[in-house]
Every structure is written in C-alpha cells, then in structure tokens.
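Read off the chains here:
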Amino acid sequence: MTSATNETSTYDFKTIEATWLPKWDELEVFKPADDGTAERRYVLDMFPYPSGDLHMGHAEAFAMGDVVARYWKLKGFDVMHPIGWDSFGLPAENAAIKRDAHPAEWTYKNIDTQAASFKRYAISADWSRRLHTSDPEYYRWTQWLFARFYEKGLAYRKDHPVNWCPKDQTVLANEQVVNGACERCGTAVTKKSLNQWYFKITEYADRLLEDMEQLKGHWPERVLLMQKNWIGRSEGAEVEFAIEATENKPGKTIPVFTTRPDTLYGATFMVVAADAALADELVTDEHRQALSDYQEQVKALSEIERQSTEREKTGVFTGRYGINPLSGEKLPIWAADYVLADYGTGAIMAVPAHDQRDLDFARTFDLPVRVVVDTGEENPGESGVATSGEGTLVNSGELNGLNKAEAIAKAIEIIEAAGTGKHTVNFRLRDWLLSRQRFWGTPIPIIHCVDCGEVPVPDDQLPVRLPDNLRGEQLAPKGTSPLAAAEDWVNVPCPRCAKPAKRDTDTMDTFVDSSWYFLRFTSPNYTEGPFDPKAVRDWMPVGQYVGGVEHAILHLLYARFFTKVIHDLGLIDATEPFSALLNQGQVLNGGKAMSKSLGNGVDLGEQLDKFGVDAVRLTMVFASPPEDDVDWADVSPAGSQKFLARAWRIAQDVASAPGVDYSTGDKALRQVIHRTVNESAQLLDSGKFNVVIAKTMELVNATRKTIDSGAGAADPAVREAAGVTAQLLSLFAPYTAEDMWAQLGYEASVATSAWPEVDESLLVDDTITAVVQVKGKVRARFEVSVDISEEELRELALADANVVRLLDGKDPLKVIVRAPKLVNVVPAP
RNA sequence: GCCCAAGUGGCGGAAUUGGUAGACGCGCCGCACUCAAAAUGCGGUUUCGAAAGAAGUGUGGGUUCGAGUCCCACCUUGGGCACCA
C-alpha cells in the first residue's frame, strides 16, 4: 500500500503523479509479452516531429491513442504501442544555421524534452522500441529500401521544371505549394528545371485506389474520398493525331487523352500546354517569337492568377496542323496555358461545343464550333454554354444516331481497329518527387560515376552517413544541396570501377522516413534488414492508427505505397499498413487554431501544472467525439479535476475488504455497474470515448448515492463499483485510477487488470417504463412488467385517464402497440 | 464551380439507428454543512405559461401510427479538389 493514500488525505494530483510515474517505469507495464499466448494488437500514434516540447495538439492525439491501447490491454490483447520520432527535417536545419550548430544537437535535445513530457503524460508506450529516423541505425534501412526501389525501377531521375522557392532555395513538391506560395515561408514560388529523384507511385495508382475497398468502414469516409480524388482516375481514350510536316519540320504523331472520344468529330482545333517541351518542338519559325513572348507572359503570372477560372482564355497559334483520325479534318494547333503540361499528355483535342473551356477559347479566337451531340439544348456556338450531357450523336459519320455511351464504345472500337488510339485510364496522381537539396535528411545512396553512371552504394557500405563536420552557415542552401560543400564526403571511388566519382548530394523527403517506420517498430533493433520478417508477420498491420487529418493524403498515401512495394519485394505479407484509422480533431482556442500570430496559444505544461495530467487528458477526451475539434475555451479542466476527486473519494470510502462476494451486494447499484461495463465496451469499440466518460460519471453518482443514502460504504457492490470505476478511468486518467486501485488493496497495475465480466442477469430489468403516445406525443407513462403482453399493454394504455380525456369518448382509429415499451394511439379525426 | 461532412438548450455535447429529445458535464440558481468562506453533499435549470397546457432538433415540403434520425429542395458553416481534357 502506498503512503499517498490514507483515510484523511484529500485528492492531490501532484502526489499521485509523483507516486506512480516511477513505479510504472519499474514495472515495464506496457512492454508486450510478444510470446503468442494472447492475440497481438498494434496501436500506433503518428510519431511526432521534435519541434520543441509537446503542445496541446499532441496532448489530444496521444490521449485518444492511449484510450485504445489501454482498452485493448484490459481486454486481454497483447498490445504493442510504440513511440518514436520523425526527427529529420527543415526546422532542425534552420535552428542549426541560426545557432552555428549541428542539427542533431537541437533535434536530440528536443526529443529528450518530449520524451520526458510523454512519460509525465503517462502514455502507455513501450519505451524499449523507441526509434528516431535520424539515427544511422534507422536511415541505413531507409537507404537500403531506396536501393530496392531503384533496382525495381521505381526510383528514377528526370529533368523537370519544378516548383522552386527562391527564399528557401529549395524544390517544393506540388503539395507543398499553397496558393502559389511556399508552404513554409510564403514566398511566391517560381519554376526551375532540375534533375530530380522520383518514386514511381503512379505505377501503383490503380492498386492504391482498389485497395481502399478493404479500408471502407475502418477509415474515415472523408479520408478515403480525399485519397480517391487525389489519385483522380478517369477513363477515356488516348487518340493519336498525325501532325502534318512543314518544309523544315518532319511530321509526327502526338497522343491526346480524352474522356469523350464520342465527340471526336466535334474537335475543331488542338491545344498543347504552352510550357511543355512539345510546344517548342512543334512551333514553326514564323510563330516562334510569338510563342516565347507568350511563355514569358505565362511565367510572369502568379499561380493564383493562373488558377483563376474567371480569367480570359489566352494562347498563340503554333503554325501547325493535326489530322483528326476519324474525320480526316485538318485542325490548327494552338499553345495555351489552360492545358496543363503535367496532366494527360500535355495536349488535347478541343471540342468547343461540348467542353466549356474549349468553347471559351474558341470564342476568344474565333474558332469554329461544331455540335456533334444533340442534347436538345441551345446551340453552344450561340449560347456560349457548352453542352456536356447526354444526347444523340450528329455530324459524326458512323457514330450518328448513337447515344453517348454507345458512341464512346464505338469510337474506341474504330480507333483501335485503325491503330490510331486505344482505351486508356488516366490519373491525376503524379510521381513522388523525393529529392531535397537539404542537409538534415537521409542521404540518397547513389554514386555518380563518369563511366558507370548512377551506381547504388552497395548494401554492405550502408549507411551513407551524414558528415558531422558541417555546422551553422555551411548548412545554408546555396542553390545546391549543402552536402556538396563537404568535399571529403562527396568525393569517393566508384564502387564499380574504382575511378573517382561523386556522391549524390540530395537527401530524401522526410515523408520517405515516415513511410515505413511502422514496420521498423516491430523489431527496432534488428540488424539483418529493415525489420524482422517474423515480427512483421506477428504484428502487422497496425490495428489502430491515430493522427491528424492533415495527413489524410500525403503521408497515408505514401505509407500505403511503400507497404505495397515492400509487399511486392516479397518482404511482407500485408498490402495495407493501417487497418483502422482515427483522425482526432484539433485543439482550438476561442474558435481558432492556436497560433503565435493570434496569441491564443495555450501552454500544455502550464495546464498540466495547474490541473494535473489526468484532468487535462480527461478533458480532451470528454469534450467531444474524438474526430471533432476541441475548443479549449469551451471546456473545463477544473470540472474534470472535480470529477476525478469525486471518483477518488469513492475508493477512499470503500469499507469492505478485497475479496468480498459481490453477488451479495446492493442489486440496484450492481445493475448500474454491469450496464456501465456493457455499454462502455460497445461505446469504446465504436470510438465514442466521450460517452464512456459520461457513463463513468453516472456510475460514480450512483455509487455516491449508495454510500450516503443507501446500502452504505460497506456494501460489497460499493467495492465492485469503485474497482470498475478505477478500471474505466484508467483509460483516461491513469494516475487517479492507479491510486484508487491501490487504495482498494489491489496490486499494480490497474492497466494490466482484466476487463470486468458482465453478469448478463443484471442487464435485464423486471419492469420498464412504458410510454403512451397520442398522435405521436407522449401523454402518459407507467411501469409495466417487461413481459407484458401486447393486449394487456393496450388495455392499460386505453384505460389511462389522460388518454381517455384526449380521446374524448371516441374510439381510437388505430392503436399501435410495441410491448413493453410503447403504445401509440391514433384518435379518430 | 465540383465533391464531401455537419447544423440539437446560455455552452461542450447525448439519443439503443424510425419509438420518452436534451443523458453526462460546464455555467447559472437554490438548499444543507459553516461564525463565515472554501471544499463537499443535495436539488433545480429547452422555451413560452402562474398553472393546465403548448411549442421545439438550420428553413420549407414529403413519407410514416410515429422523424433529430428516412426522402426532396433550400440556407449556413466547415473540409477537400480546382482550366484534370
């Protein structure tokens, strides 16, 4: 028994926290047995970035994950709930430049701070599995995986105009460009052509889409939808258009993608993306100057302007013509910015009658509009409104008279037979640009040799360690990766021919590190490979993944992609990493996300000092359903603290000894206990954690009543209630729960106790309140036996004084009886 | 513009999935204990009404004996995508 609790003490969270924190560490409560005697369950919180100490957002997210981990443990599963850090990344580099230090110093100092805070916050983590993506023992295997991707042809380099942030001197992925500005610093983004590493995620587009079927019902609907939109599958045809030769330019064919091959006869011109290489290739000398002027004009536009659909269509004629493969018609080819270089083939056939953008363009440049689908609407050439709906094909040769669907099929059949096109599927998803001209990331394990080209660093020479002699200003980006400055690091012999060669100086996007960490957690100290295959088989997939919705697309998509590639490499069985996903909401203050500029931040440490860990955690969970935002201004950690003290006093008051026979206890209280346990399990299984707390409060209220004005503190049911309360509370308020458990005379830890068995006989009542409605409004209620017959209940209802009064002597038109709960009387009109 | 969620007391939120709307908590009001206060315990608290009663889940319609829950239209808020061929 602990000295923290005795008869006369009052609830003091500081003493309780100080008592139990070291004990749990000692007991290693949350280390999984990993011996196969119990079903394994893997609970994972998205690992944190060590940006400083933990904040309110972490407090919420980890409180949610902990509920699941602790609940599953009570339910008897062998739970693995690991913790680690996503510790590569830009902030560490910026801090190092500012402080003339190495990024590792800042990073690992923050990790230590956060680790201490996590312990204080009583996360049920297995600390023996701790990992950091910036440790060479970790990134060795990130590099090893890169090498496997490279061998499979899934990692490749290409020259590509990339988004370039002039301030950060770095390339940005499309998704890091927010409204034309750099996600980090807000500087307007320009374009620059660079040789970049990519992962071929597009090769997995179909599978990423199809396998979402397995996730339905276990992932939030909106996340699946966002992924689906992001992948952006569209079905159509790729059609080859022959381009006429000119005096000094040969002919060629260019493919275009269309979702509407049925409208081929309506194509009256073609458009290529003005910023695509194709435009420069096609343009005739006569029009070259106009095109390059136009290209300058396009470059000068901000992304926001370019994105505006309100804008007038612009473009220039290239001087070239394509041949419509169906009609043989000669179509002028224009270059414009409304066609995107990186979607489809960067060129389109324009059907102004049935596509609004094409129509706007045609009207601006006075190009012909030909209706080929009669939809019964006004002629688009006159109305200015393109008709894109269903209709009957006209002016379309062999397609005439068909409907849209038939015409699409027929058109594909014709072009396939003629060898001028084929049915195809196009995706919005683009390959994953993974190289970064940054220091603090996983070095790309490639050596460039003049003779041998790209040579992967042999596996036995991994990891390619980051140099540790660069500091401060040396890390600042100067248009190339800072690693280029470390000459002794860069210059190495070629692993193949031993001639002088150079290391690739780019590092990997940190999303690469986080795309496989869940696998490493299964065997974090394994040295023969990225993970122990047996451990992965035992633990994967993650049974519950918890994190913010801000990762709905990128991180989750990349992690799914990695899992599929690693599966295809034959290294794991799983094809999906996370079988269930929970997106917790944000913590707001005053209706807005906490931010420095708004000055509405709430310091987690201060809250913990003031109210205690348990009260803060309880408040986070009780405030709303897990996926909803919590507005800290609307909730009451003081109220939570009050409730915890109230619950804690119940355990203090228990006057029976451990081991008493509960079955002799007060029946009314026992019914509340067993109903609470029963309902709580269902609520926890369906993620309604906030309601579980409400039910626990009701149990505490009922127990208080039993002690003060019922069977009294010595009744066995009171002990049973206190024990169950401690167990339920252990999910949300582990310190208080543990202290109650000890006060009750049980051995630590309540976290390893067994979920209480429900006595089914206590769930059923002898009587129930039946309600009588008249015209759907409740007019009477009375206690009836649960097995009352429909006939009896009907009679009772019709005899009720209030019902008689409302019927006013008339016979009811209809009486619906749902024994034993409800009668609805419909009076005659 | 397109797609998707969600709208319930002064506030955060419940509602067995078509069957007692407002559980639980915050706040507020009152009572007990106290010289007093704090703490604690108990009670009240959707609105109108003295009461009987009536109204009530964003708005308008519909289905049904019965709708917060299902259907249609609209409004508002939040999120995602956006010249995607």
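Provided above is the structure to which this section pertains.
As the structure is a prediction and not an experimental result, all values here were calculated from the model.

The rules we used
Residues numbered from 1 in each chain as written. Chains lettered and ligands numbered in written order. Predicted model: local features only at pLDDT ≥ 70, side-chain atom pairs only at ≥ 80, totals over all residues. Heavy atoms only, no water. Pairing = 2+ DSSP bridges. Helix = DSSP H or I, 4+ residues; strand = E, 2+ residues; numbered from the N terminus. Salt bridge = Lys/Arg side-chain N within 4 Å of Asp/Glu carboxyl O. Buried < 20%, exposed > 50% of the residue type's maximum accessible area, 1.4 Å probe, protein only. Patch = residues over 30% accessible without salt bridge, like charges linked within 9 Å, V, L, I, M, F, W, Y side chains within 5 Å. Areas by Shrake-Rupley, 256 points an atom, 1.4 Å probe, with all protein chains shown as cover. Lys, Arg positive; Asp, Glu negative; His and termini not counted. Charge placed at Lys NZ, Arg CZ, Asp CG, Glu CD. Contact = heavy atoms within 4.5 Å. Axes fitted to C-alpha atoms, helices over the stretch in contact; angles between N-to-C directions. Near = heavy atom within 4 Å. Polar contact = N/O pair within 3.5 Å; in protein donor to acceptor, adjacent residues only side chain to side chain. Nonpolar A, V, L, I, M, F, W, Y, C, P; charged D, E, K, R; others polar. Core = buried A, V, L, I, M, F, W, Y, C linked by side-chain atoms within 4.5 Å.

**Some words on the pairing of strand 10 (residues 233-243)**
- Where strand 10 meets strand 18 (residues 421-427), seven bridges bridge the pair, whose relative direction is antiparallel. Paired with Gly236 across the strands is Thr424, a residue of strand 18.
- Here strand 10 runs beside strand 11 (residues 252-258); their pairing, made up of seven bridges, is antiparallel. Counterpart to Ile243 in the pairing with strand 11 is Lys252.
- Summarising the sheet, strand 10 and strand 13 (residues 315-323) pair through two bridges and their orientation is antiparallel. Across the sheet, the residue bridging to Ala242 is Ile323, located in strand 13.

**Notes on the pattern of salt bridges**
- With the rule as written, the count across this model stands at 39 salt bridges.
- With a closest N to O distance of 2.8 Å, Lys564 and Glu576 form a salt bridge. One end of the pair, Lys564, is in helix 19 (residues 554-568); the other, Glu576, is in the loop between helix 19 and strand 27 (581-584), with twelve residues separating them in the sequence.
- A relative accessible area of 5% places Glu576 in the buried class.
- Residue Arg704 is joined to Asp653 by a salt bridge in which the shortest nitrogen-to-oxygen separation is 2.6 Å. Highlighted residues: Arg704 in helix 24 (residues 689-709) and Asp653 in helix 22 (residues 637-653), separated in sequence by 51 residues.
- Note on Asp653: relative accessible area 29%, which makes it partly exposed.

**Side note on a positive patch on the surface**
- On the surface, a cluster of positive charge is contributed by Lys98, Arg99, Lys109 and Lys596.
- Position of Lys98 among the secondary structure elements: in helix 3 (residues 90-99).
- In this structure Lys98 comes out as exposed when scored by relative accessible area, which is 75%.

**Some details on the side chain of His354**
- Mapping His354 onto the fold places it in the loop between strand 15 (347-350) and helix 12 (356-365).
- Residues within four places of His354 in sequence aside, it is in contact with Thr263, Arg370, Val371, Val372, Val373, Ala386, Thr387 and Ser388.

**Some words on the sheet that holds strand 31 (residues 767-774)**
- Across the sheet, which stays open at both edges, the four strands sit in the order 32-31-34-33 with mixed pairing between neighbours. Two strands close off the open sheet at either side, each with one partner strand: strand 32 (777-785) and strand 33 (812-818). Taken over all neighbouring pairs, the strand axes of this sheet differ in orientation by 15° on average, direction set aside.
- The sheet strands contacting helix 27 (residues 790-799) are strand 31, strand 32, strand 33 and strand 34 (822-827), and the helix crosses strand 33 at an angle near 130°.

**Let's talk about the protein's contact with RNA strand B**
- Around RNA strand B, a shell composed of 53 residues is seen, among which Thr259, Arg311, Lys313, Arg357 and Arg781 lie nearest.
- Backbone sugar and phosphate groups make up 65% of those atoms of RNA strand B lying within 4 Å of the protein.
- Between Thr258 and RNA strand B, the recorded distance is 3.2 Å, taken from a side-chain N or O atom to a sugar or linking oxygen.
- At eight residues, helix 24 tops the list of elements feeding residues into the surface near RNA strand B.
- Across the surface near RNA strand B, the residue classes break down as 21 nonpolar, eleven polar and 21 charged.

**Some points on the environment of Ser117**
- Its place among the elements puts Ser117 in helix 4 (residues 103-120).
- Ser117 sits 488 residues away from Gly605 along the chain, and the two C-alpha atoms are 8.5 Å apart.
- Apart from the residues within four sequence positions on either side, Ser117 is in contact with Asp53 and Leu54.

**Some words on the nonpolar core**
- If you look at the biggest cluster of nonpolar residues, it comprises 91 residues, and the most contacted ones within it are Tyr121, Phe689, Leu729 and Phe732.
- Sorting elements by how many residues they give to this core places helix 2 (residues 56-74) first, with twelve residues.
- Grouped together as the second largest cluster of nonpolar side chains are 87 residues, Tyr139, Ala205, Phe427 and Trp539 included.

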